[in-house]
Amino acid sequence: MTHTSRQRHRSGSCDVVVEIPRGSRNKYEASDDGTIWFDRRLGGPAGFPGDYGYVIGADGEDGDALDALVLIDEPTFPGVHMPCRVIGGYRLQVGEIVETKLVAVPERDHHGDHLRDLADLPPAFVEELDAFFTAYRMLEGPTVEVLEHLDRDGAVEALLAGG
């Protein structure tokens, strides 16, 4: 990771590559050369509640890039690079692995300017995120359990640990 990336991460900023647009049940994966591949269709009843992808320059506990859910009103498309600001995260038990999923907002979208922490989201929306993360892999294998909500500082700590 470059010095500039480390500084951005320390400030709670990161660059996310979108793999799955908001509302989609199709799961895409980006290969190392940037090619987008269809991976599978999610078996659960709901699409993603935001654009979902990975943070450039940060690894997750599963050995892949650190995952991020970007709260955005309109979906983008797979392969879009998006400068984001971390507002929180989720610590999930996925089968035998504990994984962190960051929650972020686009830096260049004024609709998220008021969001600084997971606690700034309406409680009902946080419950919807809980339900999504619990159910999104329901027909695929490992069960998922929400272990912990991370506030902004805890999520930035996870971002720094992955870089």
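Quick look at the structure, then. (Residues numbered from 1 in each chain as written. Predicted model: local features only at pLDDT ≥ 70, side-chain atom pairs only at ≥ 80, totals over all residues. Heavy atoms only, no water.)

## Some remarks on the state of the cysteines
Operational definition: Our working definition of a disulfide is a cysteine sulfur pair at a distance within 2.5 Å. Exposure is judged per residue with a 1.4 Å probe applied to protein chains only, and the accessible area is read against the type maximum: over 50% gives exposed, under 20% gives buried, and values in between give partly exposed.
For the coordinates displayed, the defined rule picks out 0 disulfides. Among the cysteines around Cys14, which has no disulfide bond, Cys84 carries the closest sulfur, lying 5.5 Å off. A residue is classified by how much of its surface remains accessible, and Cys14, at 1% relative accessible area, is buried. The buried category is assigned to Cys84, whose relative accessible area is 0%.

## Describing the nonpolar core
Let me state the cut-off plainly: Nonpolar core, defined: a set of buried Ala, Val, Leu, Ile, Met, Phe, Trp, Tyr and Cys residues in which side-chain atoms within 4.5 Å join the residues together. Labels follow the DSSP assignment, with helices taken as runs of H or I lasting at least four residues and strands as runs of E lasting at least two, numbered in each case from the N terminus.
Ranked by size, the top nonpolar core spans 21 residues in total, and within it Tyr90, Leu121 and Phe133 carry the most contacts. Looking at this core, the elements with two or more residues in it are β6 (81-94), β7 (97-106) and α2 (123-135). Core analysis: the second largest hydrophobic core is formed by 19 residues, Leu66, Val70, Val86 and Leu159 among them.

## Side note on the side chain of Glu99
The condition is simple: N or O atoms within 3.5 Å of each other form a polar contact, as long as, within protein, one can give a hydrogen and the other can take it, and as long as residues adjacent in sequence are counted only when both atoms are side-chain atoms. For this analysis, residues touch if any pair of their heavy atoms sits within 4.5 Å.
Its location among the elements puts Glu99 in strand β7. For Glu99, a relative accessible area of 7% translates into the label buried. Of the polar contacts made by the side chain of Glu99, one reaches the side chain of Lys101; its length is 2.7 Å. Apart from the residues within four sequence positions on either side, Glu99 is in contact with Glu61, Asp62, Asp67, Tyr90, Arg91, Leu92 and Val94.

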